Amino acid sequence: MSSALTHILSNECPVCHKGKVFTDKNIFFNFSFPKMNEYCSHCNYKFQKEPGYFFGAMYVNYGLTVAQGIATYCIAQFFFEKNFDLRIIPIIAVVITLLTPFNLRFSRLAWIYMFKDYTK
């Protein structure tokens, strides 16, 4: 599991671990719209199996975003006197907005790794 997470965060092909899934080398600090390679440059693995393949990645993205929102709330509540202060909402919105490009890339990579053929 930890090696798969390492490969996901390194933007590596799920089969050969040499090619890159996204054209951007870094998935962390890139605020442009992600561009995916259609095939791996080393093993010719096709990343998008069929039209609509990444619809399921939206659920991964949603879960990741909710978890980040809850974590942001848990951290930010220590800086306010009230249990639920409305000033926390813009903080959560800014954090979620800043993490959106990373979440999109990470959820697609996680989706590809979930449905790769592990029998080979």
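For the structure, check the block above.
Residues numbered from 1 in each chain as written. Predicted model: local features only at pLDDT ≥ 70, side-chain atom pairs only at ≥ 80, totals over all residues. Heavy atoms only, no water.

(A) Quick peek at the overall build of the chain. Helices and strands together make up the secondary structure of the chain, namely three helices and zero strands. From first element to last, N terminus to C terminus, the chain shows the α and β order α-α-α. Expressed as lengths along the three principal axes of its C-alpha atoms, the size of the chain is roughly 55 × 30 × 25 Å. In the chain, 56% of the contacts between residues at least 6 apart in sequence involve partners at least 24 apart. As displayed, the chain has an accessible area near 8,000 Å², and 66% of this comes from carbon and sulfur atoms. In the chain, 12 side chains carry a positive charge and 7 a negative one; their mean positions are 6 Å apart. (Helix = DSSP H or I, 4+ residues; strand = E, 2+ residues; numbered from the N terminus. Contact = heavy atoms within 4.5 Å. Areas by Shrake-Rupley, 256 points an atom, 1.4 Å probe, with all protein chains shown as cover. Lys, Arg positive; Asp, Glu negative; His and termini not counted. Charge placed at Lys NZ, Arg CZ, Asp CG, Glu CD.)

(B) Quick peek at unusual backbone geometry. Look at His-17: it is not a glycine, yet its phi comes out positive at around 60°. When its relative accessible area of 28% is taken as the criterion, His-17 is described as partly exposed. (Buried < 20%, exposed > 50% of the residue type's maximum accessible area, 1.4 Å probe, protein only.)

(C) Broad picture of the environment of Glu-81. As for its position among the elements, Glu-81 is in the loop between α2 (57–76) and α3 (88–114). Accessibility expressed as a relative area gives 85% for Glu-81, which makes it exposed. Between the C-alpha atoms of Glu-81 and Glu-12, which are 69 residues apart in sequence, the distance is 45 Å.

(D) Spotlight on the packing of aromatic side chains. Throughout the structure, instances matching the rule amount to four aromatic pairs. Both rings, one in Tyr-45 and one in Phe-47, keep their centres 5.9 Å apart while their planes meet at 75°; by these two values the pair is edge-to-face. Note on accessibility: Tyr-45 and Phe-47 belong to one class, buried. Measuring from centroid to centroid gives 5.0 Å for Tyr-53 and Phe-54, while their planes differ by 75°, and the two rings are edge-to-face. Judged by its relative accessible area of 11%, Tyr-53 falls in the buried class. Just above the ring of Phe-54 sits the side chain of Arg-108; from NZ or CZ to the centre is 4.8 Å. (Phe/Tyr/Trp six-rings, centres within 6.5 Å; stacked < 30°, edge-to-face > 60°. Lys NZ or Arg CZ within 6 Å of the ring centre and 35° of its normal.)

(E) Fine view of the nonpolar core. In this structure, Phe-47 and Ile-112 are the most contacted members of the largest nonpolar core, which totals 18 residues. Looking at this core, the element that brings in the most residues is α3, giving seven residues. With residues near it in sequence (within four places) discarded, Ile-112 still touches Pro-14, Val-21, Met-36, Tyr-45, Phe-47, Tyr-53 and Phe-54. (Core = buried A, V, L, I, M, F, W, Y, C linked by side-chain atoms within 4.5 Å.)

Shape is all these values report; function is a separate question.
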